[in-house]
Amino acid sequence: MSSFTIYPAIDMKNGKCVRLEQGDFDKETIYGDSPFEVAKGFKDQGAEWIHMVDLDGAKEGKRINADHILSVVNELSVKVQMGGGIRNKEDAAYYLDRGVDRVIIGSLAISNPELTKELVAEYGSKIAIGLDARDGYVATDGWLTKSDRTAVEVGQYFAEAGVETFIYTDISKDGMMSGPSTDQIVDLAKQTGKEVIASGGVRNIADLVELKRYENQNVGGAIVGKAIYTKELPLRQALDEVNS
């Protein structure tokens, strides 16, 4: 398995970089007017991957901030994983055919698992499944709807279908700077036997070091947003720490 990876996050709403609290569109903080400039700053600090989310797309169910994502893909030598607004095969193909390294399927995995499996068959490890959980159950449609499936159930189903990477978000932790849900992340990795990337709650370098302890149990990395923007977590120092 590859080394533990830090994915600095750029969440886009109305073309700006924002962070939401617990996925609440009414609780946003704007951290930058240019997603490209923020991404360039991350790359300059040593990031090899950047995690980009089209929040408008997730809410509206269509591509809205695609131009910002593709400008990073085309002009910066970094790998990009993106999510938000992928509702059909065309949406996934649009990004993957234009150089995005990994597309995250969230709501579509619940609403249309057969189509999701087709995408996995076609694109392999370029498709990741985003499991956004509230109280252990997967939430969809930009976290506005709670499903009746647990994250582990959905994870096991798609692991059997060939998915190699899951991104696990505990919605209650997202943007709250309260520490990651390490137990749930490790459990999902154990139950699926696949790579799990932690998302939500990372506060500081110590949280990353704690997650990295489970690297040999398929915990492959962490997505970090608010802690970088509030400077609680210096990105360059964090990268040095986990890569040492």
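Here is what the cut-offs are and how they apply
Residues numbered from 1 in each chain as written. Predicted model: local features only at pLDDT ≥ 70, side-chain atom pairs only at ≥ 80, totals over all residues. Heavy atoms only, no water. Phe/Tyr/Trp six-rings, centres within 6.5 Å; stacked < 30°, edge-to-face > 60°. Helix = DSSP H or I, 4+ residues; strand = E, 2+ residues; numbered from the N terminus. Buried < 20%, exposed > 50% of the residue type's maximum accessible area, 1.4 Å probe, protein only. Lys NZ or Arg CZ within 6 Å of the ring centre and 35° of its normal. UniProt positions renumbered as here; feature names shortened; annotations may be inferred. Contact = heavy atoms within 4.5 Å. Salt bridge = Lys/Arg side-chain N within 4 Å of Asp/Glu carboxyl O. Polar contact = N/O pair within 3.5 Å; in protein donor to acceptor, adjacent residues only side chain to side chain.

Attention now goes to the packing of aromatic side chains. For the coordinates displayed, the defined rule picks out five aromatic pairs. Judged by centre distance (4.9 Å) and plane angle (20°), the rings of Tyr-31 and Tyr-229 are stacked. Of this pair, Tyr-31 sits in strand β3 (residues 24–32) while Tyr-229 sits in helix α10 (residues 226–229); the two residues are 198 residues apart in sequence, bridging distant segments of the chain. The class for Tyr-31 is partly exposed, based on a relative accessible area of 27%. For Tyr-229, a relative accessible area of 13% translates into the label buried. Arranged with centres 4.9 Å apart and planes meeting at 90°, the rings of Tyr-157 and Phe-158 form a pair that is edge-to-face. For Tyr-157, a relative accessible area of 36% translates into the label partly exposed. A cation sits over an aromatic face here: Lys-59 above Phe-25, 4.5 Å from the ring centre. Across the ring face of Trp-49, the terminal group of Arg-102 is positioned such that the distance to the ring centre comes to 4.5 Å.

Our next topic: the UniProt feature "active site" (unreviewed entry) in the chain. Taken from the UniProt record, the annotation "active site" (unreviewed entry) applies to Asp-11 and Asp-132. Among the structural elements, Asp-11 can be located in strand β1 (residues 5–13). Beyond its immediate stretch of four places on either side in the chain, Asp-11 contacts Lys-16, Cys-17, Val-18, Arg-19, Val-53 and Leu-55. Topologically, Asp-132 is positioned in strand β7 (residues 127–134).

Time to look at the pattern of salt bridges. Taken as a whole, this structure holds 13 salt bridges when the rule is applied. Between Asp-44 and Lys-40 there is a salt bridge; the shortest N-O distance is 3.2 Å. Of the two residues, Asp-44 and Lys-40 are both situated in helix α1 (residues 35–44); the distance of four residues between them amounts to about one turn of the helix. Given the relative accessible area of 44%, Asp-44 is considered partly exposed. Two residues, Lys-89 and Glu-118, come together in a salt bridge whose shortest N-O distance is 3.8 Å.

As a further point, take the side chain of Ser-147. Note on placement: Ser-147 falls in strand β9 (residues 145–150). According to the relative accessible area criterion, Ser-147 is buried, its value standing at 14%. Looking at Ser-147, its side chain comes within polar contact range of the main-chain oxygen of Val-138, at 2.7 Å. There is a polar contact of 3.2 Å between the side chain of Ser-147 and the backbone nitrogen of Arg-149. Those residues in contact with Ser-147, other than ones at most four positions away along the chain, are Ile-110, Tyr-137, Val-138 and Ala-139.

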